[in-house]
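Chain by chain, the residues run as shown.
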Amino acid sequence: MDFTTQLLIAAISAGTPLLLATLGGILNERAGIIQLGAEGLMLMGAVTTCIVYIRSENLLLALLAAIAVTAVLGLVHAFLCVTLRANQTMSGLAMTLFGSGLSAYLGKSISGIPLPGTSPKLDLGWVKGIPVVGDIFGRMDSLTWFSLLLVLVLHLLIHRTSWGLHLRAVGDSPATADVMGIRVQLIRYSCITAGTALMGLAGADMVLAYAPTWNEGLTAGRGWIAVGLVIFARWNPLRALFCAYFFGALDSLGFRIQLLGSVVPPYFLKMIPYVVTILVLMYLGYRNRNKPSGTPESLGTPYIREQRF
Amino acid sequence: MSSKNASDAVLLNSVPAKSAKRFPMRLEYDASRTRSPWWSPILSIILALLLCAVFIAANGMSPVTVYDKMFRGAFGTAYGITETMVKAIPLLLCGLGIAVAYRISVWNIGAEGQLTVGAMAATAVTIYFPGLSSFWSIALMLVFGTAAGALWGLMTAIPRTHFGVNELITSLMLNYVALLALDYVVFGPWKDPKGFNFPGSPMFTAAQSLPVLGTTRLHIGLVFGLVAVAIYYLMIRFTRWGYELRLIGANPTAARYAGIHIKKHIIIVMLISGGLAGIAGMAEVSGVTHKLMQGISPGYGYTAIIVAWLAKLNPLGLIVTSVLFGGLIVGGYSVQTIGLPSSISEMLQGAILFFLIAGEMIHRFRIRRNA
Amino acid sequence: MQDPSVEMRGIVKKFGSVTASDQVDFSANAGEIHALLGENGAGKSTVMSMLSGVYRADEGEILLHGQPAKIRSPKDAAVLGVGMVFQNFRLVQSLTAAENIVLGEKSSFWRGSKWIKNKHREIEALAEQFGLKFPVDRPVWQLSVGEQQRVEIVKTLYRGADIIILDEPTSVLTPGEAEQLFATLQVMKQAGKTVIMTTHKMKEVMASSDRISVMRKGKMIATLATAGTDELELARLMVGREVEITRQEREAAAGKPLLVVSNLEVTADHGRKALDGMSLQVCEGEIVGVAGVAGNGQKELAEVLTGLRTWKNGDIIFEGEPVKSASVRGAIDSGISHVPENRMKSGLAGRLGSVDNLLFKSYRSSDHSRFGFLKAAKNRSWSQELVERFNVKTPELDTPVQQLSGGNQQKLLFAREVSRQPKLMVAVHPTQGLDVGAAAGVHELLMELRSTGSGVLLISEDLDELLQLSDRILVIYNGSIIGESDHEHADREQIGLLMAGIRNKEASAI
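One structure accompanies this document, and this report is about it. Keep in mind it's a predicted model, so treat the numbers as computed, not measured.

## Concerning the interface of chain A and chain B
Size of an interface, as often reported, equals the accessible area lost when the parts are brought together.
Thinking step 1. Taken together, the contacts link 50 residues of chain A with 51 residues of chain B.
Thinking step 2. Carbon and sulfur atoms supply 80% of the area that chain A and chain B bury against each other, a total of about 4,700 Å² over both sides.
Thinking step 3. Linking chain A with chain B are two residue pairs in polar contact (both at pLDDT 80 or more).
Thinking step 4. For the side of chain A that touches chain B, the elements supplying multiple residues, two or more each, are helix H3 (59-83), helix H4 (88-107), helix H11 (222-232) and helix H13 (266-287) of chain A.
Thinking step 5. Top contributing element to the side of chain A that touches chain B by residue count: H4 of chain A, with 13 residues.
Thinking step 6. Its residues placed into classes, the side of chain A that touches chain B shows 32 nonpolar, twelve polar and six charged.

In C-alpha cells:
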C-alpha cells in the first residue's frame, strides 16, 4: 500500500469518532441547543464501553451500555436547558468536567487492560480485489459503516421528511413552530438525547478502533474539535463527513510524517489538528463575514412560550 | 380558569395544557427573579456530595470514610490548610481572570493554557538569564509570565473580534497547543542534563524562587492574588472602565450606541484574563514546583471556571470559593492513600456545577395552586 | 338575524397588576369584515390573542358558531378554524414560503420531490383564488414584507380557517399594498369567511370594514355599523374625548443650516444599497419629518448620522464642518442626540438602574468622572434631579429600568438625550408603543427642543405624528428622498403616493 492509501485508511479510522460526535452535535444544534459536553460524553461513552466489554465480553452489550449512559446524561442536559432554561454553555462545561472526572474515577480499575476484541470488520470479499478502493472499503469495521449509513439517514431525515422540517423550524424559530402545533420541547429533548448518545458512541469507537485500552482523558480534545466541526460543516451531515475525514487525516498525518523520518519534533505535529481548527474557523468567519452563517437562529436561547412583550 | 398575580409570570410550557385540569398544582416561571438565594450554592454542594456518594458506594467504598478523609486532608491539619492555600492561589488568579472576561460574556476556558505558557515564560527567564539577582529574576519572571499569558489570551481574542470565531473553541484548542509546547520543552531543549533523563527543567535557584512563609510551601503568590482581587474590586466598582464593562454586560447593543468599542474591550479583558492566568503559572513554577515539568497544573484552569461561577463574579466570593476548591483538590490527593483516584475531586466539581446551574434556575419556578 | 360566528363574553385577562382586557364582549358574523379599532395598548391584540389561543383568558367564555369552544393553544384554535395573522409574522425565515405553509401538517412523513411539487401547485392555486401572489419556493427572508404577509394569510387559509384575524395588517404596507390587501379581504368575505382586523387607523376602517368595534383601555366601548358612523365619532370613542390636534407653531423661522447631507451612499448589512443618493438638510430650530414605509433606509439614515455606520460616498456636513468618518463618540461629542427605534434593545440597559442608564453618554465628561474614576455621589444626585425634572416614575434610582413602564422608559431616555442640550436630535419612532398621554409628553419635548434652537430629525411611520409636528416633511423611498413639502402645503394623499414610490408626474398621468 502506498502512503496516500495508508493515510486515507488512517483518516477514516481517526475520523469516524469525530464524525459520530459531529453528527451528534449537529442534531443538538439543529434543535437550537448548544452542546459543549462532547468531550465529557465521549469519555463517558469510552469508559462505559471498556468496563462493560471487559466484564461481559459482549461487544453489543457494551455499545448499548455506552449509548444508554450518555443518553441519560443527555437527558440531564435537556432537563437543565429545555425545562429549566439554564445556561447551555455552563451546562455543557459541567458535562465535560463531570464526564472527565467520573470516567477517570470509574476507569481506574480497568486502566491499561486490553479489550477482549475490537469492532468487527465487515468482510467484503468482492471489493477487496479492487486496488485502493478495496484496501479502504474492504477492511472497514461495522461502526464505520454504521456512521456512513447514519450520515445518509440524517441527511434525508433533515431535508426530506416532515420531522426534518419540524426540526429546522424549531431550531430557527421555536415560537413559530409552537404556534404551528409542533411540540418544541419534545423535539428538543429527543434531539439532545439522540445527539449525546451519538457522542457516547463516538467515545466507544475511539477505544474500539483506535486505542484498544482505556486511558484517562484518551479523547484529548477530540470532543472539542467536534464542536468546531459542527460549525465547519455548517450543520449539514454530508459536509460533516468530509470535514471529519479531513480532520482525521490531519490527526494521523503527524504520526505518518514521523514514520517517514521527519526531523520536526512530534509535539509540533500533534498540534496540527488544534491549530488547523482555529485557522479554519477564522477562515470561515472571514469568508462569511457578510452573509448569514447558516447557524440555527435560536441556538443557545431557551424558548419560553407566553411572553408579555 | 386560573388567575395570575406574579408579574411577568408565564406558564411553564413543558406542562401540557391538559394537566392543568387534572393536577391541582402547576409550575410557573418568573423571569424577574434573577437573584438566587444565598443558600443555593451551599445546597448545590451538599447535593453534589450526595450524588457522588452514590458512585463511591457503587465502587464499594464508604462515602463517609472518603469524605471524612478528604475533609481532614484539606482542612484537618496545619499542613493541610497551608497546602489548601497553595492550591487556592492559582485558582484565585485564574478565577479572577475568568470573572473579568465573563463580565462582558466572554467565555475564557483557556486559563489552563494561559497558565502553562506563563509558567514556560517564567522558566525561560531562569534558563536564558540565569545569573540575575533575586529581585531582578523574580520581577523579570513575573513580567514574562504575565506577558505570555496575555499573549495567549490575545490569540483567543483576535479570532473572536476580527473573525467571529467562538472563543470557547479557540481558547480550548490553545490549551492543547500549550500543553504540547510544554511537553516539547521539558522533553527537548530545556531538559535538565543532570535530571537522569527525567522530563523537566533544571531546578530553580533560591534567587529564582518566590519567598515562602516559614517552613511551609505557602508562597508570596497569595499576596499577588489578594492584591489582584482588591484591584479588581476597585476597578469594577469605581472606574469608568468598570462602568463600561457593566454596560456591555447588560446590553451590548446599547453600549455600542453609547460609543463604547466592544471589540477593544474584548481584547482588553482577554489580555487581563490571560495575564492573570500567566501570573498563576509563574507563581506555580517559582513558588511551588521550582522547576518546569509536565502536569504543572492539575486542571486549575478548568476548576477556576467553577470558582468564578460559584462566586458569581463577586470578589470576596472568589476568595472563599478558591479556598474551598483548593481544599477539594488537596482532599482529592489525600484519598489516594486509601486507594481511590484523585479524579474524585474533578467529578465532584462537575456535579457541583450541575446542581449550581440547576439551582440558579429552579428557584425561578413557583408551584401554584390552581384556582 | 344570523348567528354570530364568533362570540366572546365577559373576557378578562390580567398581566400582573395590569388588566389588559376587562369584561370584554365581542361578536362577529360570517361574511363580514369586522374592524376592532383602538389605540396602541387598548387591548385589541390581547383579546384577539385569546381568540387564537396564544393567551388564555382568566375569565369569560368563547363561542364559535354558537358552540362553546375551549381554546387553550394555537393548535386548538386552528382545529376550530381560527387563524391569526400576527403583526410580527410567525414565519421561519430560513424555510421556503411553501414549507412555512405546510409546517405542522401531520400528513406524509416522507417528502420527496413529487410531494413538494404537488404542494406547490396546491398552494399556488389557493393563493390565486384570493388574489395573493408570492413565489412559493423561495426562502422567506428573500421575500418583501408585503409578500411575507401574503404567505401568512395563505397559511391560515391553507389550514382551513374560516375565522381569520389580522393584527394591524397595514402597519407594514405601502398604501398601494394596503389597497390590494383590502381587495383580498373582500374576496374572503364573499367566500363566507369571518374577517376580523385590528387597527388604529380610522381611514382604513371607514374604507374597508362592515362593522366596527371600538376598544379603549381594555374595555369594549361600542360596536357600530360602518355606514352609520364617521371618523369624528370614532376618534371620540377611541380617545374618550374630542381629539384636538395641538400644534405649537414655531416662534422664529428656521436658523442657519445645521446638518447638510448630500448624495450619501450607504451599504446595508448584506451588501444591499440602503441609502442611494440621499440628500437632506436640517436647520437650527426646525423639526424635519421623514416619512416612509419601513425598510426604505430610515434605519441606516439614523445610524449613519449617529456614527454607528460608515458610508461609501457623499458628504455629511455638521455645523459647517465636514464629518470625516463614522464615530459614535464623535457624534456624541459634537452634540448629536439619538432616540433609537427600539428603546429596550439599543437605548437602555434593562438590567441596570436609572443612574447607569442616564450616564450612558456623559460618563466620560469631567462633570461625571475624574482620572478614570466616576464621581459616584455627584452622579447620583444629578440623576435624581433628572428623574424629577422629567417626571420619570421609578420606585428607586437603582430599580432596573426594565421594570418601568414603556412611557417612563422613554422619558428616562429623553431625559438623557435632552439634558445634554443637543444641537441635533435624531428621533426614530419616538412614540411607538406609548399611550396618548406619554406620546403627547414626547411631542412636547421635541417642540421644546425646537424652541431652544436645536434641529430635530424625526423619523416615523406615523403620518399623523409627522403632520402634527414637522415643519417640513421629507418622503424617503428606496434610500433617497423623493419628495418634500413644508407644513402648510403638506397633503396626506400626496405623501401616501410618494411613500409608495409614485412621483407626481406618474400620479397625474394615471
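There is more to say, and it comes next.
## Some points on the interface of chain C and chain A
Thinking step 1. In this complex, chain C contributes 30 residues to the contact, which on the side of chain A involves 23 residues.
Thinking step 2. Of the roughly 2,400 Å² buried between chain C and chain A on both sides combined, carbon and sulfur atoms contribute 64%.
Thinking step 3. A per-residue breakdown of the area chain C buries against chain A is headed by Leu 103, Phe 109 and Arg 111 of chain C, which together make up 22% of the total.
Thinking step 4. If you look at where chain C meets chain A, you find one salt bridge.
Thinking step 5. At the boundary of chain C with chain A, the tally comes to five residue pairs in polar contact (both at pLDDT 80 or more).
Thinking step 6. Mapped onto the side of chain C that touches chain A, the elements with two or more residues apiece are strand E1 (6-15), helix H2 (74-79) and helix H3 (97-102) of chain C.
Thinking step 7. Here the residues of the side of chain C that touches chain A sort into 14 nonpolar, six polar and ten charged.

## Details of the sheet that holds strand E7 (residues 163-167) of chain C
All names here are of chain C.
Thinking step 1. One open sheet holds the six strands; their spatial order is E6-E7-E8-E3-E9-E10, and the pairing between them is mixed. With one partner strand each, in any of the chains shown, strand E6 (82-85) and strand E10 (219-225) form the two edges of the open sheet. Adjacent strand axes in the sheet meet at a mean angle of 20°, parallel and antiparallel pairs treated alike.
Thinking step 2. With respect to the sheet, helix H1 (residues 44-51) is in contact with strand E3 (32-37), E6, E7, strand E8 (194-199) and strand E9 (211-216), its orientation differing from that of E8 by roughly 150°.
Thinking step 3. Relative to E6, helix H5 (residues 145-158) is tilted by about 175°, and along the sheet it contacts E6 and E7.

## Some details on the sheet that holds strand E20 (residues 455-459) of chain C
Sheet strands pair by backbone hydrogen bonding; their relative direction is either parallel or antiparallel.
All names here are of chain C.
Thinking step 1. The mixed open sheet is built from six strands, whose spatial order is E16-E19-E20-E13-E21-E22. Strands at the two margins of the open sheet, each flanked by one partner only, are strand E16 (336-339) and strand E22 (480-486). Each strand axis lies, on average, 20° off the axis of its neighbour in the sheet, ignoring direction.
Thinking step 2. In terms of strand pairing, strand E13 (residues 287-291) meets E20 through four bridges, oriented parallel.

The rules behind each value
Residues numbered from 1 in each chain as written. Chains lettered and ligands numbered in written order. Predicted model: local features only at pLDDT ≥ 70, side-chain atom pairs only at ≥ 80, totals over all residues. Heavy atoms only, no water. Contact = heavy atoms within 4.5 Å. Buried area = accessible area lost by both parts, 1.4 Å probe. Polar contact = N/O pair within 3.5 Å; in protein donor to acceptor, adjacent residues only side chain to side chain. Helix = DSSP H or I, 4+ residues; strand = E, 2+ residues; numbered from the N terminus. Nonpolar A, V, L, I, M, F, W, Y, C, P; charged D, E, K, R; others polar. Salt bridge = Lys/Arg side-chain N within 4 Å of Asp/Glu carboxyl O. Pairing = 2+ DSSP bridges. Axes fitted to C-alpha atoms, helices over the stretch in contact; angles between N-to-C directions.

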